[in-house]
Amino acid sequence: MKLVAPTSAGKARRLLPISPATRRAGLAALITIMALLSLPFIVRLDGSPHGNWQQFFGRFHPLVVHLPIGLILLVPLLEVFGRRRPALREAARFVLGLAFAACLAAVTLGYLLARGGGTSGATVTLHLWGGTLLSICVLVCLLARPAWAAGGASRLYPVLLPCTLLALVWTAHQGGSLTYGNGYLTEFAPGPLRRLSTTGVAQVPTRFQDSFYSMHIFPVLNANCVSCHGSHEVKGGLRLDSYELLMRGGSDGAVIVPGQPDRSMLFARITLPTDDKHFMPSGGRPKLKPNEVTWIKAWIQQGASPSAVSLTGVSVASDSERPKELPLKPVGDYSAMMPEIRQMEQSQSAKLVPISSNPSDGLVLTTVDVAAKFGDAQLAQFQKFAPYIVEAELGRTAVTNASFDTLSKFTSLRALHLEGTAVTGDGLAKLAPLSQLTYLNLSGTNVTSAALAPLKAMKNLHHVYLFNTPAQPASASDAR
Ligand code: HEC
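Residues numbered from 1 in each chain as written. Predicted model: local features only at pLDDT ≥ 70, side-chain atom pairs only at ≥ 80, totals over all residues.

Asker: So what's going on with the overall build of the chain? Which residues, and what values?
Answerer: If you tally the helices and strands in the chain, you get 17 helices and eight strands. Here the chain, with 480 residues, has 34% of them falling under the buried criterion. Contacts in the chain between residues at least 24 apart in sequence constitute 64% of all its contacts with a sequence separation of at least 6. (Helix = DSSP H or I, 4+ residues; strand = E, 2+ residues; numbered from the N terminus. Buried ≥ 20, exposed ≤ 12 C-beta atoms within 10 Å, placed from the backbone. Contact = placed C-beta atoms within 7 Å.)

Asker: Explain the site of the ligand to me, using residue names and the numbers behind them.
Answerer: The ligand sits among 28 residues. The nearest are Cys225, Cys228, Gly236, Gly250 and Gly283. A total of four residues in the shell around the ligand trace back to one element, the largest contributor, which is helix α12 (residues 265–271). The class makeup of the residues in the shell around the ligand is 11 nonpolar, 13 polar and four charged. Counting contributing residues, the shell around the ligand receives three or more from each of domain 1 (16–187) and domain 2 (212–301). (Near = placed C-beta within 6 Å. Nonpolar A, V, L, I, M, F, W, Y, C, P; charged D, E, K, R; others polar. Domains from an automatic or database assignment.)

Asker: Could you give an account of the sheet that holds strand β8 (residues 463–465), naming the residues involved and the relevant values?
Answerer: Across the sheet, which stays open at both edges, the six strands sit in the order β3-β4-β5-β6-β7-β8 with mixed pairing between neighbours. Looking at the sheet topology across the chains shown, the edges are occupied by β3 (351–354) and β8. Adjacent strand axes in the sheet meet at a mean angle of 15° when their direction is disregarded. Of the strand pairs in this sheet, strand β7 (residues 439–441) and β8 are connected by three bridges, and their pairing is parallel. The partner of asparagine 441 across the bridge, within β8, is tyrosine 465. (Pairing = 2+ DSSP bridges. Axes fitted to C-alpha atoms, helices over the stretch in contact; angles between N-to-C directions.)

Asker: Account for helix α13 (residues 290–301), with residues named and values stated.
Answerer: In a regular helix each residue adds 1.5 Å, so 12 residues correspond to 16 Å; α13 covers 16 Å between its end C-alpha atoms and thus fits that length. Every buried residue of α13 is accounted for by Pro290, Asn291, Glu292, Thr294, Trp295, Ile296, Trp299 and Ile300. Contacts made by the buried residues of α13 are with α10 (212–224), α12, β6 (415–417), β7 and β8. (Expected span 1.5 Å × (residues − 1).)

Asker: Tell me about the pairing of β3, residues and numbers included.
Answerer: Here β3 shows a clear split, with Leu352 and Pro354 buried on one side and none of Lys351 and Val353 buried on the other. Relative to strand β4 (residues 363–366), β3 is paired through four bridges, and the arrangement is antiparallel. Looking across to β4, one finds that valine 353 is bridged to valine 364.

Asker: I'd like a description of the nonpolar core, backed by residues and values.
Answerer: The biggest cluster of nonpolar side chains holds 34 residues, and the ones touching the most others in it are Ile389, Leu413 and Leu416. Sorting the residues of this core by element identifies β4, β5 (389–393), β6, β7 and β8 as the ones contributing at least two each. Sort the elements by how many residues they give to this core and β5 lands first, with three residues. (Core = buried A, V, L, I, M, F, W, Y, C linked by C-beta atoms within 7 Å.)

Asker: Tell me about the packing of α10 against α13, and please be specific about residues and values.
Answerer: Contact geometry for α10 and α13: axes closest at 10 Å, N-to-C directions at 130°. Taken as axis vectors, α10 and α13 run oblique relative to one another. Relative to α13, the crossing made by α10 is left-handed. Taken together, the residues of α13 that come into contact with α10 (itself represented by Phe212, Tyr213, His216, Ile217 and Val220) are Glu292, Trp295, Ile296 and Trp299. Along the lines of polarity and charge, the residues of the contact of α10 with α13 split into seven nonpolar, one polar and one charged. (Parallel < 35°, antiparallel > 145°, perpendicular 65-115°, else oblique. Left-handed = near helix turned anticlockwise from the far one by under 90°.)

Asker: A description of the confidence of the model for the chain should follow, citing residues and the corresponding values.
Answerer: The predicted coordinates ought not to be read in detail in places where the model reports low pLDDT. Here the chain shows a mean pLDDT of 84. Residues at 70 or above account for 85%. Long-range and interchain partners of residues 198–202, a stretch whose pLDDT sits below 50, account for 12 contacts in this model, where long-range means more than four residues apart. Note that residues 475–480 has pLDDT below 50 and, in this model, 19 contacts with residues that lie over four places away or in other chains. (pLDDT = per-residue confidence, 0-100.)

Asker: Could you give an account of α10, naming the residues involved and the relevant values?
Answerer: Because an α-helix completes one turn every 3.6 residues, residues spaced three or four positions apart along the sequence face the same direction. Compared with an ideal rise of 1.5 Å per residue, which puts 13 residues at 18 Å, α10 spans 18 Å between its outermost C-alpha atoms and is within 8% of the ideal. Taken as a whole, α10 carries its principal kink of about 35° at phenylalanine 218; the proline proline 219 stands between one and four residues after it. Among the residues making up α10, those that are buried are Phe212, Tyr213, Ile217, Phe218, Leu221 and Asn224. Residues of α10 that are buried in the fold lie against α11 (243–248) and α13. (Bend = angle between axes of the 7 residues up to and from the residue.)

Asker: Requested: an account of the packing of helix α6 (residues 86–116) against helix α7 (residues 122–149), with residues and values cited.
Answerer: As a packed pair, α6 and α7 sit with axes 10 Å apart at the nearest point and diverge in direction by 160°. The angle between the axes of α6 and α7 places the two elements in the roughly antiparallel class. α6 and α7 meet at a crossing whose hand is left-handed. Across the contact of α6 with α7, the residue classes tally to 17 nonpolar, five polar and three charged.

In structure tokens, the structure reads:
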């Protein structure tokens, strides 16, 4: 008598009964897995935007991802409730198949979105790998399920399904960080929970401690730009989370030209009209504060040094000297006045640009295109919108001292640009009712120190710029 030892193939056959059809399915699955794994090497994320069609299809990704999420979550429910109602178990397999197809679509569109939009970075890479891993898990579930459903001994499927759910949660979390910024989920979480999750905000550079860059430029970029231009996500191939990376520039080359703010792409992008598609920070975020823009300009103009401690013409009160800034008062909703505003813009060819999509953030009066034709009479026309105007960009316009009467009605103003105008400062006292005003630029005008005296009473006015005026203090042009 011969003792027949069970062969290893025989053992495998008991775990996963292999028919020719299953073998073919296995082969197809193997090829699919190889293709998925090689995607990151075929579709290279080089940080520069590509082809409009890639972006067109890619932008469906955020919509399509909800499909695999919903379908995958449905599978364990169908399996559990299917113990009582077999029809549900029947459906589980079909839903799993659909989920796999949806995964493939979402991953493909995800790659197009990242490559088309010129996005790269650690979070993007993790998210894409997450999607790939998840698709593979779903595919293996699909293959392993029949053996389990047939009542066999295979434990692969019941173990893999919870792992698939974990991969789903993790991938979705990375995707959420990309869409809403790091810490979106935990921002309002109770304290202990929030501390558990680390946020990806860049560290304040210690190498250039106390330099103007570390104290005033880096914090502005960190707060407003690093969510899209940092280690987690690198839009436009540009990172702004260290001095070296800032100076290295983005996919279109250097963004800072030392000494030449007007030729520096970074400065150009933050000073565009907010509705320009190249405006930064993009994504409908509010523009940088006027004093921040002024610091960046002066810093570039004076050589963009990482270590210079102070800049001529700019003095910034330290936190302890600085009176506490009042919280911004929201302005009323101007939406109802939009038709009237449009009409006014047409007759005056000056613009009222919303600061953000939120009407209570107010409007900016800008005159860039028609500066020379815009004078006291034109400004007076805008008085009826005064409560909604938080910034008035009147630099290099034809306004004169006579406009201080009108401006006294602009009580929501936070920033007033009068640089390069004919004002001499007579009547500046009329600005006293502007309790929200924090920024006043009078550079390049003929204001004298005497004319400035009444401003001392304006407690909220922290930034007065007097570069190139008779009133310019010997060392610094900031009046305070
Ligand atoms: C919501 C995401 C987002 C934020 C926030 C953001 N950017 Fe960008 N930025 C982008 C995208 C997307 C691109 C690439 C497309 C383009 O060039 O407009 C880009 C490109 C740029 C470029 C061009 C890089 C190159 O070489 O082409 C500059 C400069 C820039 N950003 C500066 C900034 C600055 C400065 C801030 C902060 C004040 C900022 N960005 C905030 C998304 C963002």
